[in-house]
Every structure is written in structure tokens, then in C-alpha cells.
Amino acid sequence: MNPITIYSKNNCIKCKMTKRFCDQHNISYEEINIDADSQHTSELITMLKETYHAKSMPVVVTETDYWSDYRIDKLKELSASSQSK
């Protein structure tokens, strides 16, 4: 399974919970913190809204799916598919 991308921001509990779930279930991910480069934060937010229809953080992007917010159902699906490979 290719790594997923998690768009996160500082002080976001749902972002932390999503990354913790991935860490605990050995799901590889690349994190892009939208607050890390304050010069481009607004551009990243616009991209996330337009491309992934994001209304909350984190935004998780896989090879075949994407979602925003802490979605334990999607994370469990991801974990199950990564263990079956």
C-alpha cells in the first residue's frame, strides 16, 4: 500500500487522533502541515476546499479516496485493506 497523505494543522485534536490511529495500525503516511509554511497556508486551504471539498481538518488522501475530519470508519477500512495485502 502506498502511503496516504494527511493534511493537518497545528493544535488540531482530530489531526492528532488520525495520525495516532495510523501509527498504531502501521499505516504509512506523509503529513503536510498547512500551518508549517504560513506564507502558503491560505493557498493550501483553498486547494483543499476546491480539490477535496474539505470543510474540516484533517484531510486524508489515499490512492482511491479522500475525506476530511476524523473518520474512524474510513481509517478502519484503510487498516483492514493494508493488513490484507
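Everything here concerns the structure above.
These numbers come from a predicted model, not from an experiment. Within each chain, residues carry numbers counting from 1 in the order of the written sequence. Confidence filtering applies because this is a predicted model: local features only for residues at pLDDT of at least 70, side-chain atom pairs given and counted only at 80 or more, and all residues used for totals across whole chains, interfaces and linings. Computation of side-chain values: all heavy atoms of the structure, hydrogens and water removed.

(A) Spatial organisation of the environment of Y70. Elements are defined by DSSP. Helices are runs of H or I of four residues or more, strands are runs of E of two residues or more, and each kind is numbered from the N terminus. Position of Y70 among the secondary structure elements: in the loop between β4 (66–68) and α3 (72–83). Burial classification: accessible surface area is computed with a 1.4 Å probe over protein chains only, and a residue below 20% of its type maximum counts as buried, one above 50% as exposed, and the rest as partly exposed. Taking the relative accessible area as the measure of exposure, Y70 reaches 24% and is therefore partly exposed. In the structure, Y70 is positioned twelve residues away from P58 in sequence and 6.8 Å away in space, judged by C-alpha atoms. Ignoring anything within four residues of it in the chain, the contact list for Y70 reads K14, M17, T18, P58 and L75. Between two residues, a contact is recorded if the distance between any of their heavy atoms is within 4.5 Å.

(B) A look at the side chain of K74. By the element assignment, K74 lies in helix α3. Other than its neighbours up to four places away in sequence, K74 contacts D65 and W67.

(C) Structural detail: helix α2 (residues 41–52). One less than the number of residues in a helix, times 1.5 Å, gives the span that helix is expected to have. Between its first and last C-alpha atoms α2 spans 16 Å; for twelve residues at 1.5 Å apiece the expected length is 16 Å, and the two agree. The set of residues buried in α2 consists of T41, L48 and Y52. For α2, the angular spread of the buried residues around the axis is 45 degrees, confining them to a single face. Opposite the buried face of α2, by more than 90 degrees, sit the exposed residues S42, E43, K49 and E50. Where α2 is buried, its residues contact β1 (4–8), β3 (59–61) and β4. In the stretch just after α2, H53 is the one whose phi turns positive, near 55 degrees. Here the arc refers to the set of directions running from the helix axis out to each C-beta atom.

(D) Looking closely at the packing of aromatic side chains. Ring pairs are drawn from Phe, Tyr and Trp, using the six-membered ring of Trp, whenever the two centres fall within 6.5 Å, and their geometry is named by plane angle: stacked under 30 degrees, edge-to-face over 60, tilted for the rest. Applying the stated criterion across every chain yields a total of two aromatic pairs. A ring pair is formed by Y7 and Y52, whose centres lie 6.4 Å apart and whose planes are at 40 degrees; its orientation type is tilted. With Y7 in strand β1 and Y52 in helix α2, this pair connects stretches of sequence that are 45 residues apart. Pair check on accessibility: Y7 and Y52 agree, each one buried. An aromatic cluster is present here, built from Y7, Y52 and Y66 joined pairwise through their rings.

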